[in-house]
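Examination of the molecular architecture
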Amino acid sequence: LVAESGGDIIGFSLYAVHLPTGKVTWENLWVKEDMRRHDVGRQLIEEGINQLRFKGHGYVMFLNNSNRQELFATYMEQNFGFKRGSTVLWMDRVLS
């Protein structure tokens, strides 16, 4: 999903669908710094959820690696009904 204003990209969101299970991993949500607090992120999340529901997907996991994870988690719980994960072990490695 891409948010635009005056022909400029002001935000985007990216998720991946695992086709065999229909589970969705939502990994990226970015809003241009001067456009934050103008509901751009909220609109991207709402549109993403609507698209996923329309396509019949029933599960989404949202990953966040910002330095404001607690604030983000609270926002997602209060505004979109997400729950904090407790059953997922996330492991990563830089390949160089």
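Residues numbered from 1 in each chain as written. Predicted model: local features only at pLDDT ≥ 70, side-chain atom pairs only at ≥ 80, totals over all residues. Heavy atoms only, no water.

1. Considerations on unusual backbone geometry
At Arg37, a position not held by glycine, the phi torsion is positive, near 70 degrees. In this structure Arg37 comes out as exposed when scored by relative accessible area, which is 79%. Even without being a glycine, Asp39 presents a positive backbone phi close to 70 degrees. Position of Asp39 relative to the elements: it lies in the loop between strand E3 (23–31) and helix H1 (40–54). (Buried < 20%, exposed > 50% of the residue type's maximum accessible area, 1.4 Å probe, protein only. Helix = DSSP H or I, 4+ residues; strand = E, 2+ residues; numbered from the N terminus.)

2. Observations regarding a nonpolar patch on the surface
Together, Val2, Ile9, Phe12, Leu14 and Trp30 give the surface a local cluster of nonpolar side chains, amounting to about 460 Å² of exposed area. Counting residues per element, the nonpolar patch draws most heavily on strand E2 (residues 8–18), at 3 residues. By secondary structure assignment, the location of Leu14 is in strand E2. (Patch = residues over 30% accessible without salt bridge, like charges linked within 9 Å, V, L, I, M, F, W, Y side chains within 5 Å. Areas by Shrake-Rupley, 256 points an atom, 1.4 Å probe, with all protein chains shown as cover. Salt bridge = Lys/Arg side-chain N within 4 Å of Asp/Glu carboxyl O.)

3. Here's the deal with the pattern of salt bridges
Summed over all chains, the structure comprises 4 salt bridges. Between Glu46 and Arg42 there is a salt bridge; the shortest N-O distance is 3.8 Å. Of this pair, Glu46 and Arg42 both sit in helix H1, 4 residues apart, which is roughly one turn of that helix. Of the charged contacts, one joins Glu77 and Arg84 as a salt bridge, the two residues approaching to 2.8 Å between their closest N and O atoms. Salt bridges here are not isolated pairs; linked through shared partners, they connect Asp39, Arg42 and Glu46.

4. Quick word on the packing of H1 against helix H2 (residues 69–80)
Relative to each other, H1 and H2 sit at 55 degrees, their axes nearing to 12 Å. As summarised for this structure, H1 and H2 are arranged oblique, according to the angle between their axes. The hand of the H1/H2 crossing is right-handed. For the pair H1 and H2, contact is made by Arg42, Ile45, Glu46 and Ile49 and by Tyr75, Met76, Asn79 and Phe80, respectively. Looking at the contact of H1 with H2, its residues break down into 5 nonpolar, 1 polar and 2 charged. (Axes fitted to C-alpha atoms, helices over the stretch in contact; angles between N-to-C directions. Parallel < 35°, antiparallel > 145°, perpendicular 65-115°, else oblique. Left-handed = near helix turned anticlockwise from the far one by under 90°. Contact = heavy atoms within 4.5 Å. Nonpolar A, V, L, I, M, F, W, Y, C, P; charged D, E, K, R; others polar.)

5. Side note on the environment of Phe54
With respect to the secondary-structure elements, Phe54 resides in helix H1. Using a relative accessible area of 75% as the deciding quantity, one classes Phe54 as exposed. Phe54 sits 29 residues away from Thr25 along the chain, and the two C-alpha atoms are 16 Å apart.

6. A look at H2
The end-to-end C-alpha distance of H2, which contains 12 residues, comes to 16 Å, matching closely the 16 Å that a straight helix rising 1.5 Å per residue would cover. Within the span of H2, buried status applies to Phe72, Ala73, Met76 and Phe80. End-on view of H2: buried residues confined to an arc of 100 degrees, all on one side of the axis. Opposite the buried face of H2, by more than 90 degrees, sit the exposed residues Glu70, Leu71 and Gln78. (Expected span 1.5 Å × (residues − 1). Arc of directions from axis to C-beta.)

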